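Fold and contact review
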Amino acid sequence: MSLRKDVSLDELARVGNVAQFVSFSPDANRPRQEFCRVAGFDANHRFPSLADALRSLIEQSPDGTINLRSFTPDSPRSRDFHYGLSDLTKAEALVRSMSAEGLFVIANETVDVSDGGVSGVIQGGVAEFAPDDTPRCVEKGGTSSLPLDWALALIETVYGIPVETVDAGRGRLEFSIHPKPRGWRRTHTLMWEYEGSDSAPAMAAVKWPNRFSRLIGDKTFGLLIAHAMGLPVPRTTCISRRIAPFTFGEATSSKEVWTRTCPREQEPGRFTTIKGWLDPFRLLNAEDPSGEAISAVLSQAAVPATFAGAAITDARGEVVVEGAAGEGDRFMLGQKVPERLPQSVVGDVEAIYHRTKERLGPVRFEWVHDGKRVWIVQLHKGATDSAASTLVPGEADRWETFDVSSGLEELRNLLHRLPSGVGVRIRGEVGLTSHVADLLRKHRRPARLTETSAA
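Quick caveat: nothing in here was measured; it's all calculated off a predicted structure. Think of each chain on its own: its residues are numbered from 1, step by step along the sequence as written. Per-residue local features are limited, in this predicted model, to residues with pLDDT of at least 70; the limit for side-chain atom pairs, both in listing and counting, is 80 or more; totals at the level of whole chains, interfaces and linings are taken over all residues. Only hydrogens and water are set aside when side-chain values are computed; all heavy atoms of the structure are taken into account.

**Quick word on the overall build of the chain**
A count of helical and extended segments in the chain gives twelve helices and 23 strands. Residues are treated as being in contact if the distance between any of their heavy atoms lies within 4.5 Å. Of the contacts made within the chain by residues no fewer than 6 positions apart, 62% connect residues no fewer than 24 positions apart. Counting every atom, the chain has about 19600 Å² of accessible surface; 47% of that belongs to carbon and sulfur. Positive and negative side-chain charges in the chain, numbering 55 and 59 respectively, have mean positions lying 1 Å apart. By the criteria applied, helices consist of DSSP H or I runs no shorter than four residues and strands consist of E runs no shorter than two, each listed in order from the N terminus. For the area figures, the Shrake-Rupley method with a 1.4 Å probe applies, and any residue is considered shielded solely by the protein chains shown. When charges are tallied, Lys and Arg are placed among the positive residues and Asp and Glu among the negative ones, while His and the ends of the chain are skipped. The atoms used to mark charge sites are NZ of Lys, CZ of Arg, CG of Asp and CD of Glu.

**As for the packing of aromatic side chains**
Note on aromatic contacts: the rings of Phe and Tyr and the six-membered ring of Trp form a pair at centre separations within 6.5 Å, being stacked when their planes are under 30 degrees apart, edge-to-face when over 60 apart, and tilted otherwise. Under the criterion given, the structure shown has seven aromatic pairs. On the numbers, 6.4 Å between centres and 70 degrees between planes, the contact of F212 with F221 is edge-to-face. Through successive ring pairs, a cluster of aromatic residues spans F129, W208, F212 and F221. The cationic tip of R37 hangs over the ring face of W184; the distance from NZ or CZ to the ring centre is 5.3 Å. For a Lys NZ or an Arg CZ to count as sitting over a ring, it must be within 6 Å of the ring centre and within 35 degrees of the ring normal. The ring of W399 has R425 lying over it, and the distance from NZ or CZ to the ring centre is 4.7 Å.

**Thoughts on the nonpolar core**
Y159, F212, I225 and F365 are the most contacted members of the largest nonpolar core, which totals 65 residues. Excluding residues that lie within four positions of it along the chain, F212 makes contacts with V118, F129, P131, S144, L154, V158, Y159 and F221. Here, nonpolar core means buried Ala, Val, Leu, Ile, Met, Phe, Trp, Tyr and Cys residues that are tied together by side-chain atoms lying within 4.5 Å of each other. When a residue's accessible area, from a 1.4 Å probe over protein chains only, is under 20% of the maximum for its type it is buried; when over 50% it is exposed; and in between it is partly exposed. Core analysis: the second largest hydrophobic core is formed by 21 residues, F402, L408, L415 and V424 among them.

**Re unusual backbone geometry**
P209 follows W208 through a cis peptide bond whose omega is 15 degrees. Position of P209 among the secondary structure elements: in the loop between β10 (187-195) and α5 (211-216). Even without being glycine, N44 reaches a positive phi, approximately 55 degrees. You can see N44 is positioned in the loop between β2 (32-37) and α2 (50-60). Judged by its relative accessible area of 22%, N44 falls in the partly exposed class. The backbone of D132 sits at a positive phi, close to 55 degrees, despite the residue not being glycine. With respect to the secondary-structure elements, D132 resides in the loop between β7 (126-131) and β8 (144-147).

**Points about the sheet that holds strand β20 (residues 390-392)**
Whether two strands pair depends on DSSP finding at least two bridges between them. Pairing is mixed across the open sheet formed by four strands, whose spatial order is β20-β23-β22-β21. Strands at the two margins of the open sheet, each flanked by one partner only, are β20 and β21 (398-403). In this sheet, neighbouring strand axes are inclined to one another by 25 degrees on average, regardless of whether the strands run parallel or antiparallel. Across three bridges, strand β22 (residues 422-427) lies against strand β23 (residues 447-449) in parallel orientation. Among the inter-strand pairings, R425 is bridged to a residue of β23, identified as R448. A fitted line through C-alpha atoms represents every axis, and for helices the fit uses only the stretch in contact; the resulting angles, taken between N-to-C directions, go from 0 to 180 degrees. Along the sheet, helix α11 (residues 435-443) makes contact with β20, β22 and β23, crossing β20 at roughly 50 degrees.

**With respect to the pattern of salt bridges**
By convention in these notes, a salt bridge is any Lys or Arg side-chain nitrogen within 4 Å of a carboxyl oxygen on Asp or Glu. Summed over all chains, the structure comprises 26 salt bridges. Close ionic contact of D133 with R211 constitutes a salt bridge, the shortest N to O distance being 3.1 Å. Taken as a pair, D133 in the loop between β7 and β8 and R211 in helix α5 lie far apart in primary sequence, 78 residues in all. For D133, a relative accessible area of 9% corresponds to the buried category.

**Brief notes about the sheet that holds strand β5 (residues 104-109)**
In any sheet, the strands associate via hydrogen bonds between backbone groups, in a parallel or an antiparallel arrangement. Across the sheet, five strands lie side by side as β2-β1-β5-β3-β4; this open sheet has antiparallel pairing. Unpaired on one side and paired on the other, β2 and β4 (81-85) mark the two borders of the sheet. Along the sheet, successive strands turn relative to each other by an average axial angle of 15 degrees, direction set aside. Pairing analysis gives four bridges linking strand β1 (residues 21-25) to β5, with the strands arranged antiparallel. Following the sheet pairing, V22 is matched in β5 by A107.

**Comments concerning the pairing of strand β3 (residues 66-71)**
Burial runs high along β3: six of the six residues are buried. Burial of β3 is two-sided: the residues I66, L68 and S70 facing one way and the residues N67, R69 and F71 facing the other way are all buried. With three bridges connecting them, β3 and β4 associate as antiparallel partners. Paired with L68 across the strands is H82, a residue of β4. By the bridge criterion, six bridges tie β3 to β5 in an arrangement that is antiparallel. Pairing of S70 across the sheet is with V105, part of β5.

**Remarks on the packing of α2 against helix α3 (residues 88-100)**
Relative to each other, α2 and α3 sit at 125 degrees, their axes nearing to 10 Å. Between α2 and α3, the angle is such that the two are oblique. Between α2 and α3 lies a crossing of right-handed hand. Where α2 approaches α3, its residues L50, A51, L54, R55 and I58 are matched on the opposing element by L88, A91, E92, V95 and R96. Residues are grouped as follows: nonpolar covers Ala, Val, Leu, Ile, Met, Phe, Trp, Tyr, Cys and Pro; charged covers Asp, Glu, Lys and Arg; every other residue, Gly included, is treated as polar. Of the residues belonging to the contact of α2 with α3, the class tally is seven nonpolar, no polar and three charged. Here roughly perpendicular refers to angles of 65 to 115 degrees, roughly parallel to angles under 35, roughly antiparallel to angles over 145, and oblique to all remaining angles. For any helix crossing, the convention is left-handed if the near helix is rotated counterclockwise from the far helix by under a right angle, and right-handed if that rotation is clockwise.

Printed below as a string of structure tokens:
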């Protein structure tokens, strides 16, 4: 494709959807129209005047506003950019001014980047994207980076719509996804720019939390990754604050459900998880009225549990599998000690662990075994520093003893009020994979099990 942005847009518009636009080449007296895609008009319709073109574009824009961006053919990166213009006289004057400076100008419909959708780039078999931003989000931190097939499956699951793009190959395609139809063809995918490239295929840097995982919640994102990998995930419906409800996963043999709050980032054991249905909006209002901590509520099909627990990558890089008979909520809260698991259960969990680690690197996950197979009910990425009697490595000036029978919330309160330099000794039996251990690791507070606990 040409280096000229307007030529590239015209070529993209022949095969897919683009934001409505009209482009102009520079002229000291009268900007010349080059290409256009405006709803209600044929492709590259010739408007009688600059004012007629801009007026039609403003009238057909769903938000009633347009953007202006300028560039030169020898340097296609944008120069002057003007956002959200509704005044026809002002827009016309700006186009004439930039054209007189020898700049090409593209006028396009304003597209709301905060509509709950995402924008990003596809290149070399990788898709990177984020909400509340333009495709240039990839130049900032916190974008979600996934293999292209995972990204397309995840986006289709979340938004219920396929991603309609051209095959970028090794080239670079800027795109955006929108809950409401946009652009000249009135579909949900917009293609913004394509640049050819001979660079080698990229490698996705799969990690979270990221900006998209915070939009839908940490648990939701982890489960979607597990689902994209083909791992068994119980059928889950996500009721999000900003996106229409969506469902993924497999049916279980139970008719019961678990209601799980889904924080923006992992908050071990802090918010509600309860068996049975709760009003998700009442729950959100009760536990996070400001909307700053919880992104969504999950309704997840229950798994008839013979055993449940968690698996982590420890400080030596090895898998640790812990659990107990029955449902795993009391074990995860540190209210039930790890039990000796049947070797068949351990083997099934380890098989899932190694399969997941092969694609993601070190991982942590919560699991439920129904007597036939393992189900993933939470998935997180990364190893831990825990090993044997050391939950969090490090030395301390002094140590505070905490009894696990006091409960997870009391531990949370203790960690917030302890001054720096103070470590925590845990009295009582608790698993390396429990929320108690997770909370200590999250706070990076040196923590050890007492000799009685470690025995």
